[in-house]
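Understanding the architecture of this molecule
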Amino acid sequence: MIFHHDLIDKIIDKGVLIQDRAHFIILNIHNENIGFLNVYAPNKPNERKLFWDSLADSTPQASCWCLGGDFNMIERLEDRTRSNGSIIQRTELSAWERLSFQLGVSDIWEAHGFYQMSDSLMFSRTDRKVQGANMSTLDRFYASNFILSHGRSCPCAHFYAQN
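Below is a short write-up of the structure. (Residues numbered from 1 in each chain as written. Predicted model: local features only at pLDDT ≥ 70, side-chain atom pairs only at ≥ 80, totals over all residues. Heavy atoms only, no water.)

Scanning the model with the defined rule gives 4 salt bridges in all. Here glutamate 92 ties to arginine 48 by a salt bridge, and the two come within 2.6 Å at their closest N and O atoms. Here glutamate 92 is found in helix 2 (residues 90-103), whereas its partner arginine 48 is found in helix 1 (residues 45-58), with 44 residues between them in sequence. Its relative accessible area of 0% is what places glutamate 92 among the buried residues. Accessibility expressed as a relative area gives 5% for arginine 48, which makes it buried. (Salt bridge = Lys/Arg side-chain N within 4 Å of Asp/Glu carboxyl O. Helix = DSSP H or I, 4+ residues; strand = E, 2+ residues; numbered from the N terminus. Buried < 20%, exposed > 50% of the residue type's maximum accessible area, 1.4 Å probe, protein only.)

In a beta sheet, neighbouring strands are held together by backbone hydrogen bonds and run either parallel or antiparallel to one another. In space, the 6 strands of this open sheet follow the order 1-2-3-4-8-5, with mixed pairing throughout. The sheet terminates laterally at strand 1 (11-18) and strand 5 (105-107), the two strands that pair on one side only. Here the strands of the sheet are splayed against their neighbours by 20° on average, with no regard to which way each runs. Against the sheet, helix 1 touches strand 1, strand 2 (22-29) and strand 3 (32-40), its axis set at about 150° to strand 1. Across the sheet, helix 2 touches strand 3, strand 4 (64-70), strand 5 and strand 8 (139-144), and the angle it forms with strand 4 is around 140°. (Pairing = 2+ DSSP bridges. Axes fitted to C-alpha atoms, helices over the stretch in contact; angles between N-to-C directions. Contact = heavy atoms within 4.5 Å.)

Now for the side chain of serine 144. Among the secondary structure elements, serine 144 is positioned in strand 8. With sequence-adjacent residues up to four places away left out, serine 144 is seen in contact with Cys64, Trp65, Leu103, Gly104 and Val105.

Structure (structure tokens):
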């Protein structure tokens, strides 16, 4: 994760939760401890289940969270343009729901104030296209209700939009 130099003095905690897979940083912004968790999830569902469980057990406390990265999964069929795409498997669903509930995060894609036109896929890779269409939205961004309620006016949302 790269942050603007003006935010360096706002760091209150940082670390690696899973080597080469999950890093976090917690900043104090306007008296709120905002955590940022960057993930690169495993490709296999059974490994992702263990990954989500491990994160749920080891992620430190913060007032609110932003969670982003390559999730290597899709939650809904609408997230995939090919009809043979598979959504999150039952074996990992409970682990993923536990982590997202614990962090209090929701998919930013459909949140009020962040919504993008359906063909833009702003938070998706644009280099994986077939006949001009993205093949999936594996790169995702989730945020807590505090951040979602502030829309693009939230300081951390502005930061992400600029970098």
